[in-house]
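Letter by letter, the chains look like this.
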Amino acid sequence: MRTALTIAGSDSGGGAGIQADIKTMITNGVFATCAITALTAQNTLGVTGIMDVDDEFLGKELDAVFTDIYPDAVKIGMVSSSALIKKIAEKLTFYKAKNIVVDPVMVATSGSKLISDDAIETLKNNLFSLATVLTPNIPEAEVISEMKITNEDEMIEASKIISEKYNCAVLLKGGHKVNDANDLLYRNGSYKWFYGKRIDNPNTHGTGCTLSSAIASNLAKGYDLDTSVSRSKEYISGALGAMLDLGKGSGPMNHGFDISSDYVLEKEN
Ligand SMILES: Nc1ncnc2c1ncn2[C@@H]1O[C@H](COP(=O)(O)OP(=O)(O)OP(=O)(O)O)[C@@H](O)[C@H]1O
Ligand SMILES: Cc1ncc(COP(=O)(O)O)c(N)n1
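These lines cover the structure that appears in this document, whether it is placed above or below. The model shown is predicted, which means the values in this text are computed figures rather than measured ones. (Residues numbered from 1 in each chain as written. Chains lettered and ligands numbered in written order. Predicted model: local features only at pLDDT ≥ 70, side-chain atom pairs only at ≥ 80, totals over all residues. Heavy atoms only, no water.)

## Here's the deal with the packing of aromatic side chains
As a reminder of what qualifies: Pairing of aromatic rings covers Phe, Tyr and Trp, the last through its six-membered ring, and needs centres within 6.5 Å; plane angles under 30 degrees mean stacked, over 60 mean edge-to-face, and all others mean tilted. Put simply, DSSP H or I for four residues or longer makes a helix, DSSP E for two residues or longer makes a strand, and each gets a number counted from the N terminus. When accessible area is computed with a 1.4 Å probe and restricted to protein chains, residues below 20% of their type maximum are described as buried, those above 50% as exposed, and intermediate ones as partly exposed.
Overall, the coordinates contain five aromatic pairs when judged by the stated rule. Geometrically, the ring pair formed by Phe66 and Tyr95 is stacked, given 4.9 Å between the ring centres and 0 degrees between the ring planes. Here Phe66, found in helix α2 (residues 55–66), pairs with Tyr95, found in the loop between α3 (82–94) and β5 (100–102); they are 29 residues apart in sequence, far enough to count as distant. No difference in accessibility class separates Phe66 from Tyr95, as the two residues are buried. Aromatic ring contacts, followed pair by pair, group Phe66, Tyr70, Phe94 and Tyr95 into a single cluster.

## Here's the deal with the pairing of strand β3 (residues 46–52)
Test applied: Strands are labelled as partners when DSSP assigns at least two bridges between them.
Bridge count between strand β2 (residues 31–43) and β3: six bridges; the pairing is antiparallel. Pairing of Leu39 across the sheet is with Met51, part of β3. What sits between the antiparallel neighbours β2 and β3 is a turn of two residues.

## Observations concerning the nonpolar core
Threshold: Grouping buried Ala, Val, Leu, Ile, Met, Phe, Trp, Tyr and Cys residues that are joined through side-chain atoms within 4.5 Å yields what is termed a nonpolar core. Residue contacts follow a heavy-atom distance rule, with two residues in contact if any of their heavy atoms lie within 4.5 Å.
In terms of nonpolar packing, the biggest core is built from 44 residues, with Ile7, Val74, Ile76, Ile88 and Leu92 touching the most fellow members. The residues touching Ile7, leaving out its near neighbours within four places in the chain, are Ala35, Thr37, Leu58, Leu62, Val74, Lys75, Ile76, Gly77, Ile88 and Leu92. Val101, Leu171, Leu211 and Val229 belong to the second largest nonpolar core, which has 22 residues in total.

## Considerations on a nonpolar patch on the surface
Put simply, the rule is: Patch membership requires over 30% relative accessible area and the absence of a salt bridge. Like charges are linked within 9 Å, and nonpolar side chains (Val, Leu, Ile, Met, Phe, Trp, Tyr) within 5 Å. Only the protein chains shown count as cover for residues, and all accessible areas are computed by the Shrake-Rupley method using a 1.4 Å probe. Salt bridge criterion: a side-chain nitrogen from Lys or Arg within 4 Å of a carboxyl oxygen from Asp or Glu.
Residues Met1, Phe31 and Ile69 make up a contiguous nonpolar surface patch of roughly 330 Å² in combined accessible area. Mapped onto the fold, Phe31 is located in strand β2.

## Describing the pairing of strand β9 (residues 190–194)
The pairing of strand β8 (residues 183–187) with β9 spans five bridges and is antiparallel. Within the sheet, the bridge partner assigned to Leu185 lies in β9 and is Lys192. Here β8 folds back onto β9, and the loop between the two strands holds two residues, one of which, Asn188, carries a positive phi near 45 degrees.

Below is the structure:
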């Protein structure tokens, strides 16, 4: 079985972060390991507390995973401090990690800030150049490219700036603002659109975490980047389309929408 590692924060509400990543990896057919960067006290309404692990401890988590169940792909999500980002960069380089998907998480759907300002600079300087693919949404891409994005042409321009500066592929997600559910993959000077049908579901907590983990899972299984993105778009459409409605705010998706239900049904009957 292929393996994937998520390096991210825990979401007590279960919809985003490590919890979304592990559910996504299981349902995309890979074995999931994790290195937790922070605990968040969080639900569908917001984040009420964040407790970072210290960088030495994160280093131990990464050593434990890499020296035993070596990951075929790595997904990086919420990392709120410079010290943690530097530790991740050091370990990924030391262990020659491959297929690295970096989701530059900055602000939760609920509006809570998940990264400090100085850490954004460290993310850019220390981590982005290790990425196989970066997966910013529009607000994140605006911060990284230092330009405003209001239409498709500007999505292309911003992705080009980011891709050339950090020498990696960029999947710029239109989901939030400009371009419906259509995402742009920019790599080596050329681009390709991945079209998705917008699903009218207000429960989008964890969509970014889920998409990046699905891409990591598919890369771990040996698919190329284009195929991994298109398979992941299908997966997220299925999870959103299952129309789960939990919690009082923007709720989680049903990551298990496609699990063969025989076992579950047997247990229920
Ligand atoms: N309503 C929707 N219908 C279909 N696809 C969607 C919808 N909303 C988002 N997506 C898709 O989900 C994926 C994640 O995009 P999104 O822009 O929501 O990420 P994000 O902002 O990083 O997420 P998060 O808020 O969890 O950090 C993208 O492929 C996007 O096109
Ligand atoms: C631990 C953690 N990681 C990432 C997100 C972003 O996800 P979203 O923007 O959907 O809230 C989050 N809310 N919590």
